[in-house]
Amino acid sequence: MIYHGPVDEVADGPVELCVPFSGTVEPTDDMSVRTEAAHRVAYTTAVKGDVANRKNREAHEAVQQWLASHGHVMTAPPREVYFAWDAIGDDEGACDIAYPFDGGSASNGQPGERR
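Notes on the structure follow. (Residues numbered from 1 in each chain as written. Predicted model: local features only at pLDDT ≥ 70, side-chain atom pairs only at ≥ 80, totals over all residues. Heavy atoms only, no water.)

## Quick word on the overall build of the protein chain
Let me state the cut-off plainly: Put simply, DSSP marks the helices as runs of H or I at least four residues long and the strands as runs of E at least two long, and each gets a number from the N terminus on. Exposure categories follow from relative accessible area, calculated using a 1.4 Å probe and restricted to protein chains: below 20% of the type maximum is buried, above 50% is exposed, and the middle band is partly exposed. With residues, only the protein chains shown are counted as cover, and all accessible areas are computed by Shrake-Rupley using a 1.4 Å probe.
Looking only at helices and strands, the protein chain has two helices and six strands in total. Listed by position from the N terminus, the elements making up the protein chain come as β-β-β-α-α-β-β-β. Looking at the protein chain as a whole, 29% of its 115 residues are labelled buried. Taken as a whole, the protein chain presents about 7,800 Å² of accessible surface, with 51% of it coming from carbon and sulfur.

Right, here's the structure in full:
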């Protein structure tokens, strides 16, 4: 999920649902196809129970604080990258809360940093 705007009690996005794939696919009236250039993201993992109960705001705030404290600037909308939902328990990692950021310098990995 890519959040192009806030989603809360007063705002409804918009939100983009993305599905990675390999091979070729053609766009349709209901589906766009695009590629995204490789980039760095700062991320942390939220557990299923928090995500299911819409309590993952703290995870978003943690990543935002990490970016700010390390002098990084977000370069694209935040996203939530979901794992195999049905295969995990409520106390297991369910998704990465990921924020693309300006390359900057390497830093320690809390929250995580991924290319």
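## Observations regarding helix α2 (residues 57-69)
Helical geometry: 3.6 residues make up each α-helical turn, so side chains three or four residues apart lie on a common side. Basically, it comes down to this: One less than the residue count of a helix, multiplied by 1.5 Å, gives the span that helix is expected to have. What the arc measures is the spread of directions leading from the helix axis to the C-beta atoms.
The end-to-end C-alpha distance of α2, which contains 13 residues, comes to 18 Å, matching closely the 18 Å that a straight helix rising 1.5 Å per residue would cover. Within α2, the full set of buried residues consists of A59, H60, V63, W66 and L67. Along the axis of α2, the buried residues cluster in a sector spanning 125°; they form a single face. Residues of α2 that are exposed and point more than 90 degrees away from the buried face comprise E58, Q65, A68 and S69. Of the residues flanking the end of α2, it is G71, one or two places downstream, whose phi is positive at about 75°.

## Re the packing of aromatic side chains
The cut-off we apply is this: Stacked, edge-to-face and tilted are the three classes for Phe, Tyr and Trp ring pairs, Trp counted by its six-membered ring, which pair at centre distances within 6.5 Å; planes under 30 degrees apart are stacked, over 60 edge-to-face, the rest tilted.
All chains considered together, the criterion is met by two aromatic pairs. Between W66 and F101, the aromatic rings sit 6.0 Å apart at their centres with planes inclined by 75°, giving edge-to-face as the arrangement. Within this pair, whereas W66 is found in helix α2, its partner F101 is found in strand β5 (residues 93-101), the two being separated by 35 residues in sequence. Owing to a relative accessible area of 3%, F101 belongs among the buried residues under this scheme.

## Here's the deal with the side chain of R79
We count it as follows: For the purposes of these results, a polar contact is taken to be a pair of N or O atoms within 3.5 Å, where, inside protein, one atom must be able to donate a hydrogen and its partner to accept one; residues adjacent in sequence count only when each atom of the pair is a side-chain atom. What makes two residues a contact is simply this: any of their non-hydrogen atoms within 4.5 Å.
By the secondary structure assignment, R79 is in strand β4 (residues 79-82). The buried category is assigned to R79, whose relative accessible area is 8%. A distance of 2.7 Å separates the side chain of R79 from the side chain of E36, its partner in a polar contact. Of the polar contacts made by the side chain of R79, one reaches the backbone oxygen of P77; its length is 2.9 Å. Apart from the residues within four sequence positions on either side, R79 is in contact with M1, I2, Y3, E36, H39, D96, I97, A98 and P100.

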